[in-house]
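What the coordinates show
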Amino acid sequence: MQYAARTDRGTVREKNEDYVLADRERSIFFLADGMGGVPGGEIASSVAVESAHRVLAEKLSATPDSEVPRLLAEAFAAAHSAVFKRGLEEPRLEGLGTTLDILLFRDSVAWCCHVGDGRIYLLGENGEERLSIDDNYASALIRKGATDEMVPGWARHVLTQAVGVAEELYPEIREREVGEGDILLMCSDGLTGTVPDSLIGAIVRDFRDDLETAADRLVAAALERGGSDNISVLLVSTRPDITLEKPALPLLQ
């Protein structure tokens, strides 16, 4: 398995509130985007990822395939509780919240777990397939029959659920068969808010044998279009890794 990750503050934001973690030893990958407009977004994203990772690292090896969705839900619940608790502990952090995406691989199966407006894509030679549904008002309006042109701009930036916010959390969990050489992309909305899906897919297809360059090109494409938000990407290929061994837990922030 090969992967590459990049995160960039962008051209406008004062700090990077995204948080990316790769545990290649266990084949688990995480990406979180702290909610903009709320103090401590970088705290929310790091607390969520580290809490979810702790649960999965402790229990995954003893979990059969049939119980993986339950364990992912438990990891999200732990992240949700930890972020909510942190917000209660510090008054300035009231309303603390974050998106969270998790990719977990086992043999020929990938589990995609998602809350928020970060995205997960399966990128093949013939096109791109989105494996997550945005938790925002724009997506809700489209599901009710609105066309993309009818959706107001603000609706794309208002989340309908986030980790650490509200009492209940309903993560989307999807199981997907993957083949050798398939590439999955996790990204924050700093990429998808500026770069169309067609260009994202074209960049990955052009550099599918060089994930490091593909990740660089994706971030560059967002920066060229203004880079008004934090930009994070994490590419994972199921192709066997024949390069030098990478650290098990590279942390990017």
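Reference entry: report on the structure contained in this document.

About the cut-offs
- Throughout, a residue's number is its position along its own chain's written sequence, starting from 1.
- With pLDDT at 70 or above as the cut-off, local features in this predicted model cover only qualifying residues; side-chain atom pairs require 80 or more to be listed or tallied, and sums for whole chains, interfaces and linings still use all residues.
- Water and hydrogen atoms play no part in the side-chain values, which are based on all heavy atoms of the structure.
- Numbering goes from the N terminus for both helices and strands, where a helix is a DSSP run of H or I of at least four residues and a strand is a run of E of at least two.
- Summary of the burial criterion: residues with accessible area below 20% of their type's maximum are buried, those above 50% are exposed, and those between are partly exposed, where the area comes from a 1.4 Å probe applied to protein chains only.
- Polar contacts, as counted here, are pairs of nitrogen or oxygen atoms within 3.5 Å of one another; within protein the pair requires one atom able to donate a hydrogen and one able to accept it, and residues that are adjacent in sequence qualify only if both atoms are side-chain atoms.
- Only heavy atoms matter for contacts: two residues are in contact if any of them lie within 4.5 Å across the pair.
- Here an axis means a line fitted to C-alpha atoms, over the contact stretch when the element is a helix, while the angle between two N-to-C directions is reported on a 0 to 180 degree scale.
- Working definition: roughly parallel below 35 degrees, roughly antiparallel above 145 degrees, roughly perpendicular at 65 to 115 degrees, and oblique for all remaining angles.
- In this scheme, a crossing is called left-handed if the near helix is turned counterclockwise away from the far one by less than a right angle; it is called right-handed if the turn is clockwise.
- For this classification, Asp, Glu, Lys and Arg are treated as charged, while Ala, Val, Leu, Ile, Met, Phe, Trp, Tyr, Cys and Pro are nonpolar and the rest, including Gly, are polar.
- Aromatic pairs are defined between Phe, Tyr and Trp rings, using the six-membered ring for Trp, whenever the two ring centres lie within 6.5 Å; interplanar angles under 30 degrees are classed as stacked, those over 60 as edge-to-face, and all others as tilted.
- Side-chain atoms within 4.5 Å are what join buried Ala, Val, Leu, Ile, Met, Phe, Trp, Tyr and Cys residues into a set we call a nonpolar core.

This part is about the side chain of serine 188. As for its position among the elements, serine 188 is in the loop between strand 9 (183–187) and helix 4 (189–192). A relative accessible area of 0% means that serine 188 is categorised as buried. Looking at serine 188, its side chain comes within polar contact range of the side chain of aspartate 18, at 3.1 Å. A distance of 3.5 Å separates a polar atom in the side chain of serine 188 from the backbone oxygen of asparagine 230. When near neighbours in sequence (up to four residues on either side) are disregarded, serine 188 contacts Asp18, Leu31, Asp33, Gly118, Asn230, Ile231 and Ser232.

A few words on the packing of helix 5 (residues 197–206) against helix 6 (residues 211–224). A pair of packed helices can be characterised by two numbers: the angle between their axes and the separation between those axes. Two elements in contact, helix 5 and helix 6, have axes separated by 9 Å at closest approach and are oriented at 155°. The angle between the axes of helix 5 and helix 6 places the two elements in the roughly antiparallel class. Handedness of the crossing formed by helix 5 with helix 6: right-handed. Seen from helix 5, the contacting residues are Ile200, Ile203 and Val204; seen from helix 6, they are Ala214, Arg217, Leu218 and Ala221. For the contact of helix 5 with helix 6, a count of residues per class yields 6 nonpolar, no polar and 1 charged.

We now examine the environment of threonine 63. Mapping threonine 63 onto the fold places it in the loop between helix 1 (41–59) and helix 2 (68–89). Separated by 173 residues in the primary sequence, threonine 63 and valine 236 place their C-alpha atoms 22 Å from one another. For threonine 63, the contacting residues outside a window of four places in its chain are Val68, Arg70, Leu71 and Arg106.

Using the criterion set out here, one finds 2 aromatic pairs in the structure. Aromatic side chains phenylalanine 29 and phenylalanine 105 sit 6.0 Å apart centroid to centroid with 80° between the ring planes, which places their arrangement in the edge-to-face category. Remark: phenylalanine 105 occurs in strand 4 (residues 100–106) and phenylalanine 29 occurs in strand 3 (residues 28–33); sequence separation between them is 76 residues. The same class applies to phenylalanine 29 and to phenylalanine 105, which are both buried. One aromatic cluster is present, built from ring pairs that chain together Tyr3, Phe29 and Phe105.

Below, the discussion takes up the nonpolar core. Core analysis: the biggest nonpolar cluster contains 32 residues, and Leu56, Leu100, Ile102 and Val163 have the highest contact counts within it. Top element by residues in this core is helix 1. It accounts for 8 residues. Dropping the residues within four chain positions of it, leucine 56 is found in contact with Ile28, Phe30, Leu71, Leu72, Ala75, Ile102 and Leu104. Listed in part, the 21 residues of the second largest apolar core include Ala4, Leu185, Ala215 and Ile231.

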